[in-house]
Amino acid sequence: MDPRLSIIPERLRHIDKKIMVVSGKGGVGKTVISSLMALELALMEKRVGLFDLDFNGPSCHIVLGVPEHIMPVEEKGLIPPTFRKVKFMSIRYFAKERPLPLRGEDAVNAIIELLSITRWGKLDYLILDLPPGTSDEVLDIIRLIKDVYALIITTPSKLALETVSRLIQLLKILKVPILGIIENMRRGESKVYDFAKKMDVRYLGALPYDDTLEEALGDVNLLLETKVAKALINIIRSGIIENNGDEQ
């Protein structure tokens with residue numbers, strides 16, 4: 001048995017709630033929402049960690065504008081740096097700007113290594129930004145973190161909802177508690193609320209399409225002033241903090 005597997009529960013023992021942010025497909029704003037959620041929870045005086053495990057292209061650091069000189073510190077493992085009151089760890093620290101063509105056993109090994117060496121300390125929330133879809137990385141996180149919750153991000157598009165449907169079915173089969181669905185980039189009427197009801201998953205609310213968001217990326221102050229950030233605050237208060245994530 002891999003001795004690192006016994007270390008992972010100890011590394012996560014002092015974290016009250018672990019939330020993996022997932023989506024059926026890419027391009028729905030999962031990383032932006034993960035990053036904003038970590039920022040806003042920290043502003044609510046919560047102890048927060050943000051873990052970017054998107055092997056396809058870690059980019060939480062771009063959203064937040066994390067300076068390159070902010071790095072983890074080696075001390076009986078790795079202590080994540082703190083940026084804007086958020087403890088931040090990313091696979092980017094190991095891949096740099098290079099592509100990370102890991103698959104199968106190599107990807108599993110990388111995740112186990114990161115989970116076993118990262119020292120988070122006491123946290124109220126750990127937000128994990130994962131690759132889209134039902135990749136090996138998502139399945140490995142579910143296997144390695146027994147008490148992880150799922151937060152699903154989707155847009156109103158038919159393609160996004162079709163892929164989310166498969167994701168929800170998988171999460172239910174694996175008995176992963178689902179916090180609910182956040183609808184992103186909403187313009188006018190949509191069918192996401194009815195979709196969530198049909199799938200028996202809580203609809204947490206909608207975030208509007210915001211054409212100022214792109215320019216705000218990398219600037220925390222501008223990010224927090226966007227319509228998306230302001231709408232997300234209410235969802236966090238009613239759907240994340242007050243919701244205990246009953247199993248579906």
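Below is a summary of the structure that appears in this document. Given the structure is predicted, the values throughout are model-derived calculations rather than measurements.

### Points about unusual backbone geometry
Stage number 1. Its identity is not glycine, yet K76 carries a phi of approximately 55°, on the positive side.
Stage number 2. For K76, the location among the structural elements is in the loop between β3 (73-74) and β4 (78-79).
Stage number 3. The backbone of D200 sits at a positive phi, close to 60°, despite the residue not being glycine.
Stage number 4. Considering the arrangement of structural elements, one finds D200 in the loop between α8 (192-199) and β10 (203-208).

### A word on the pattern of salt bridges
Stage number 1. Using the criterion set out here, one finds 11 salt bridges in the structure.
Stage number 2. E113 serves as the salt-bridge partner of R4, at 2.8 Å between the closest nitrogen and oxygen. Of this pair, R4 sits in helix α1 (residues 4-11) while E113 sits in helix α5 (residues 104-117), and the two are 109 residues apart along the sequence.
Stage number 3. Under the relative-accessibility criterion, R4 is labelled buried at 17%.
Stage number 4. A salt bridge links K30 to D129; its shortest N-O distance comes to 2.9 Å. On the criterion of sequence distance, the pair formed by K30 in helix α2 (residues 30-43) and D129 in strand β7 (residues 123-129) is long-range, its members being 99 residues apart. The two residues K30 and D129 agree in class, both being buried.

### A closer look at the pairing of strand β6 (residues 86-90)
Stage number 1. Across the five residues of β6, four count as buried, placing the element largely inside the fold.
Stage number 2. Taken together, the five bridges between strand β2 (residues 48-52) and β6 define a ladder with parallel strand orientation. Residue pairing in the sheet places D52 in a bridge with S90 of β6.
Stage number 3. When strand β5 (residues 82-83) meets β6, the two strands line up antiparallel, connected through two bridges. Bridge pairing in β6 links T82 to K87.

### Some points on the nonpolar core
Stage number 1. Residues M20, I127, L128 and L151 are the most contacted members of the largest nonpolar core, which totals 91 residues.
Stage number 2. Once you skip the residues sitting within four places of it in the chain, M20 turns out to touch L128, L130, I141, I142, V148, Y149, A150, L151, L171 and V176.

The rules behind the values
- Residues numbered from 1 in each chain as written.
- Predicted model: local features only at pLDDT ≥ 70, side-chain atom pairs only at ≥ 80, totals over all residues.
- Heavy atoms only, no water.
- Helix = DSSP H or I, 4+ residues; strand = E, 2+ residues; numbered from the N terminus.
- Salt bridge = Lys/Arg side-chain N within 4 Å of Asp/Glu carboxyl O.
- Buried < 20%, exposed > 50% of the residue type's maximum accessible area, 1.4 Å probe, protein only.
- Pairing = 2+ DSSP bridges.
- Core = buried A, V, L, I, M, F, W, Y, C linked by side-chain atoms within 4.5 Å.
- Contact = heavy atoms within 4.5 Å.

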